[in-house]
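Results of the structural survey
Spelled out, the chains give:
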Amino acid sequence: MARMSAEERRESVIRAAMHEFARGGYHGTSTEAIAKRVGVSQPYLFRLFPNKPAMFLAAAERCLRETREVFAAAAEGLEGEEATQAMANAYARLIAEDPDKLQMQLQMYVAVGAAEAAGDRQLGELVRKGWMELWDTVHGPLGGDVKETTTFMAYGMLINNLAAMGFPPGHRVWEGLYPSARVGGEDRPGE
C-alpha cells in the first residue's frame, strides 16, 4: 500500500475535521477525535495544522467552497428562474446526501458568534468572506437582482433551519416554499 503524501493527509484531516466539527461543534470536538478518524497521531495532526482553530478554519472554508461549487455547477448556462430552480434542487440534494455540509454551516455560525463575543474576529472574517462569495455565485445567475438573491439566500437559510430541526419532506411546514426548495426538491403528489 502506497504511503499518503502530506498533502493527501492534510486533505484527509480537512474531511475528518468537517465531519467531526459538524457533529460536535468547535468546542465539543477534540483533536484526538479528528486524529483517530484520519488514523494518525495527534502530534502528526499538528505537523499538518498549527492548532485546532486552523483545522476549524480549513473545514469551514472547505464547506463554503464546496457549497459554492454546487451552486455554480447547477446554474452554469442558466439564468433567472431556471437558475433558481437548478440551484435550489442542487442544494436540496447536497444537504440530503451529505448532512455534514448543513451541520458544518450551522456550526460555523455558532462558532463565529462565540468567537466574536470573545474578541476573536478571524473566523467571522473568513466565514463572512466565504458567505459573500456564495452570495456572488448566486447573484450572477439571478441577473444581478439583489431582491432575488436575498430571497434565494433567505429561503436557503430557512431550509437549513427546518432541515436541521428534522422536519420530514412531507411536513406542512414546507408548504410555503417553492417546490424545488423543499428538502428533496420534489413536488409532493397532488401539487
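The shown structure was predicted, so the numbers you read here are calculated from the model rather than taken from an experiment.

Moving on, we come to the nonpolar core. One finds V13, F21, I34, F49, M104 and M108 to be the most contacted residues of the largest nonpolar core, which totals 30 residues. Mapped onto this core, the elements with two or more residues apiece are helix 1 (6-24), helix 2 (31-38), helix 3 (42-48), helix 4 (52-75), helix 6 (99-117) and helix 7 (122-139). Broken down by element, this core gets its largest block of residues, nine residues, from helix 4. Contact partners of I34, with chain neighbours within four places excluded, come to V13, A16, A17, E20, F21, T29, L45 and M55. Of all hydrophobic cores here, the second largest spans 22 residues; its members include A75, M87, Y91 and L142.

What follows concerns the packing of aromatic side chains. Following the criterion strictly, the structure yields six aromatic pairs and no others. Between the aromatic rings of F21 and F56, the centroid separation amounts to 4.8 Å while the plane-to-plane angle is 80°, which identifies the pairing as edge-to-face. Of the two residues, F21 is situated in helix 1 and F56 in helix 4; the sequence distance between them amounts to 35 residues. Here F21 falls in the buried class, since its relative accessible area comes to 0%. Among the residues examined, F56 registers a relative accessible area of 2% and is labelled buried.

A word on the environment of D136. Tracing the chain through its elements places D136 in helix 7. Measuring from C-alpha to C-alpha, the distance between D136 and A72 comes to 10.0 Å, with 64 residues separating the pair along the chain.

Helix length check: helix 1, at 19 residues, gives a terminal C-alpha distance of 26 Å against a target of 27 Å (1.5 Å per residue), a fit within 8%. Every buried residue of helix 1 is listed here: S12, V13, I14, A16, A17, M18, H19, E20, F21 and A22. Among the structural elements, helix 2, helix 3, helix 4 and helix 6 are those in contact with the buried residues of helix 1. One or two residues past the end of helix 1 sits G25, with phi positive at roughly 75°.

A word on the packing of helix 4 against helix 7. Between helix 4 and helix 7, the shortest axis-to-axis distance is 9 Å and the interhelical angle comes to 5°. Judged on the interaxial angle alone, helix 7 and helix 4 are roughly parallel. For the pair helix 4 and helix 7, contact is made by F56, L57, A60, E61, L64, T67, R68, F71 and A72 and by Q122, L123, L126, V127, G130, W131, E133, L134, T137 and V138, respectively. Among the residues making up the contact of helix 4 with helix 7, the classes are represented as twelve nonpolar, four polar and three charged.

Rules used throughout
Residues numbered from 1 in each chain as written. Predicted model: local features only at pLDDT ≥ 70, side-chain atom pairs only at ≥ 80, totals over all residues. Heavy atoms only, no water. Core = buried A, V, L, I, M, F, W, Y, C linked by side-chain atoms within 4.5 Å. Buried < 20%, exposed > 50% of the residue type's maximum accessible area, 1.4 Å probe, protein only. Helix = DSSP H or I, 4+ residues; strand = E, 2+ residues; numbered from the N terminus. Contact = heavy atoms within 4.5 Å. Phe/Tyr/Trp six-rings, centres within 6.5 Å; stacked < 30°, edge-to-face > 60°. Expected span 1.5 Å × (residues − 1). Axes fitted to C-alpha atoms, helices over the stretch in contact; angles between N-to-C directions. Parallel < 35°, antiparallel > 145°, perpendicular 65-115°, else oblique. Nonpolar A, V, L, I, M, F, W, Y, C, P; charged D, E, K, R; others polar.

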